[in-house]
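Structural overview
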Amino acid sequence: ATPTSIMAGSGRAAELGILFKGGEHLESAHRLTTVVLDKTGTITHGKPVLTNVKLENRWDAGELLSWIGAAERHSEHPLAEAIVEGIKERGIALPAASHFEAIPGHGVRATVEGHELLVGTRKLMTEEGVDASALLADMTGLEEAGRTAMLVAVDGRLAGLLAVADTIRETSREAVARLKAMGIEVVMITGDNERTARAIAKEAGVDRVLAEVLPEGKAAEVKKLQQSGAIVAMVGDGINDAPALATADVGIAIGGGTDVAIEAADVTLMRGDLNGIADAILMSRKTMANIK
Ligand code: ADP
Ligand code: MG
């Protein structure tokens, strides 16, 4: 492409809120065969809300919720924020945690008022030797409805179940349909569990799902797609997504996402609307077609 056509293309893209970091990305976008979309904060708003609380009556509900809030207050995860907000809204004050540990892709561990709290996935409970069987049917039901459910254990014993709901962006379904109509394969990637992931993917019209991918695994999944011959765009908003954004042929960050993601990406969608992906590819196709 000539410098002039690249400049013109970049300018038109910028008017749509699509910022290319360099002309080379505008050139490469027309070759994309596959678009990988992060779930939380990319397909969805990433602002989950606490919707379900089910606690074993072994504990005083207010006290147990205060411990959970005390543990999650130290986590930077959007799920943690939803849990803390939901607990505070119930008028519960949060005590201090004396120990806190984030377990990436799995949950949190904390010590609060002398009790060891665990909040997170089934796998976390299994690894910590907690028998979660009493709440697994409830958990599965919530996941089939597209909610993210998390188990709670106190001192090594199952104590409850929490669920949060995160809604898909109004524009995600249309954006996915446009990509598919352009002959591009769309894949969703998430650390969340398979059932929740499938429910959200179905709402968004995405057919292929990579779920329960650990934070460090996203880049490896992108590499695998590339090795099978795909030219891949990765679209994400989180710190977790940064290595995958850097690995992809074109990394696309969501404006309003974390700075780390924006820095790792080649393109930023300022409007938080996934339609920008199809627009960017069309812009690239036009720019490259102009070059004779
Ligand atoms: P995503 O890719 O959707 O952002 P993560 O890889 O960060 O997901 O997390 C995967 C799963 O680990 C979450 O769906 C949740 O079940 C659990 N998890 C992560 N962080 C927390 C937390 N602070 N509290 C409870 N559970 C958590
Ligand atoms: Mg995300």
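Here goes a summary of the coordinates provided. Keep in mind it's a predicted model, so treat the numbers as computed, not measured. Chains are numbered independently. Their residues run from 1 in the order of the written sequence. Whichever chain is written first is A, and whichever ligand is written first is 1; the rest continue in order. In keeping with the model being predicted, local features are shown solely for residues with a pLDDT of at least 70 and side-chain atom pairs are shown and tallied solely at 80 or more, while totals for entire chains, interfaces and linings include all residues. Calculation of side-chain values draws on the structure's entire complement of heavy atoms; hydrogens and water are dropped beforehand.

**Focus on the nonpolar core**
As used in this record, nonpolar core signifies buried Ala, Val, Leu, Ile, Met, Phe, Trp, Tyr and Cys residues forming a set joined through side-chain atoms within 4.5 Å. The buried label goes to any residue with under 20% of its type's maximum accessible area, the exposed label to any with over 50%, and the partly exposed label to all in between, with areas taken from a 1.4 Å probe on protein chains only. In terms of nonpolar packing, the biggest core is built from 38 residues, with Val35, Leu37, Ile43 and Ile277 touching the most fellow members. The contact criterion used is simple: two residues touch if any of their non-hydrogen atoms lie within 4.5 Å. Not counting the four nearest positions on each side in its chain, Ile43 is found in contact with Leu37, Asp38, Ile168, Arg169, Ser172, Met188, Ile200, Ala204, Val206 and Leu274. Counting 25 residues, the second-largest nonpolar core is a separate cluster that includes Ala70, Leu79, Val152 and Val154.

**Looking at the sheet that holds strand β6 (residues 115-120)**
Strands were regarded as paired on the criterion that DSSP finds at least two bridges between them. Helix numbering and strand numbering both begin at the N terminus, where a helix is a DSSP run of H or I of at least 4 residues and a strand a DSSP run of E of at least 2. What the 6 strands build is an open sheet, ordered β3-β8-β7-β6-β5-β4; its pairing is antiparallel. Each of the sheet's edge strands pairs with one partner strand only, and the pair in question is β3 (49-55) and β4 (97-103). For this sheet the average axis-to-axis angle between neighbouring strands, irrespective of direction, equals 20 degrees. Here β4 runs beside strand β5 (residues 107-112); their pairing, made up of 6 bridges, is antiparallel. Bridging across to β5, Ala97 finds its partner in Val112. Each axis is a line fitted through C-alpha atoms, and for a helix only the stretch in contact is used; angles between axes span 0 to 180 degrees, taken between their N-to-C directions. Lying on the sheet, helix α4 (residues 61-72) is in contact with β3, β4, β5, β6, β7 (148-154) and β8 (157-165); it crosses β6 at an angle near 70 degrees.

**Considering the site of ligand 1**
We call a residue near a molecule or strand as soon as one heavy atom of that residue lies within 4 Å of the molecule or strand. Close to ligand 1 lie 20 residues; Thr40, Glu72, Ser75, His77 and Gly191 are nearest. Two N or O atoms form a polar contact when they lie within 3.5 Å of each other; inside protein one atom must be a possible hydrogen donor and the other a possible acceptor, and for residues adjacent in sequence the pair counts only when both atoms belong to side chains. One of the side-chain nitrogen or oxygen atoms of Asp192 is found 3.2 Å away from an oxygen atom of ligand 1. Accessibility throughout is a Shrake-Rupley quantity obtained with a 1.4 Å probe, and a residue counts as covered only by protein chains that appear here. Considering ligand 1 on its own, with 560 Å² of exposed area, one finds that the protein chains cover 94% of that surface. Elements represented by at least two residues in the shell around ligand 1 include exactly α5 (78-89), β5, β6 and β7.

**Observations regarding the packing of helix α8 (residues 172-181) against helix α9 (residues 194-204)**
Orientation of α8 relative to α9, taken along the N-to-C sense of each, is 75 degrees, at an axis distance of 8 Å. Judged on the interaxial angle alone, α9 and α8 are roughly perpendicular. Of the residues in α9, those in contact with Ser172, Arg173 and Val176 of α8 are Lys202, Glu203 and Ala204. Each angle is binned into one of four classes, with values under 35 degrees roughly parallel, values over 145 roughly antiparallel, values of 65 to 115 roughly perpendicular, and all other values oblique.

**Overview of the pairing of β7**
Most of β7 is tucked away, with 7 of its 7 residues classed as buried. Burial along β7 is two-sided: Thr148, Met150, Val152 and Val154 and Ala149, Leu151 and Ala153, pointing in opposite directions, are all buried. Examined bridge by bridge, β6 and β7 share 4 bridges and lie antiparallel to one another. Bridge pairing in β7 places Val119 opposite Val152.

**As for the pattern of salt bridges**
By definition, a salt bridge exists where a carboxyl oxygen of Asp or Glu is found within 4 Å of a side-chain nitrogen of Lys or Arg. Scanning all chains against the criterion turns up 14 salt bridges. A salt bridge links Glu128 to Arg109, with the nearest nitrogen and oxygen atoms 3.1 Å apart. One end of the pair, Glu128, is in the loop between α6 (122-127) and α7 (133-144); the other, Arg109, is in strand β5, with 19 residues separating them in the sequence. Looking at Glu128, the relative accessible area reads 33%, which means it is partly exposed. Notably, a salt bridge pairs Asp279 with Arg178, separated by 2.8 Å at the nearest N-O pair. Of this pair, Asp279 sits in helix α13 (residues 275-289) while Arg178 sits in helix α8, and the two are 101 residues apart along the sequence.

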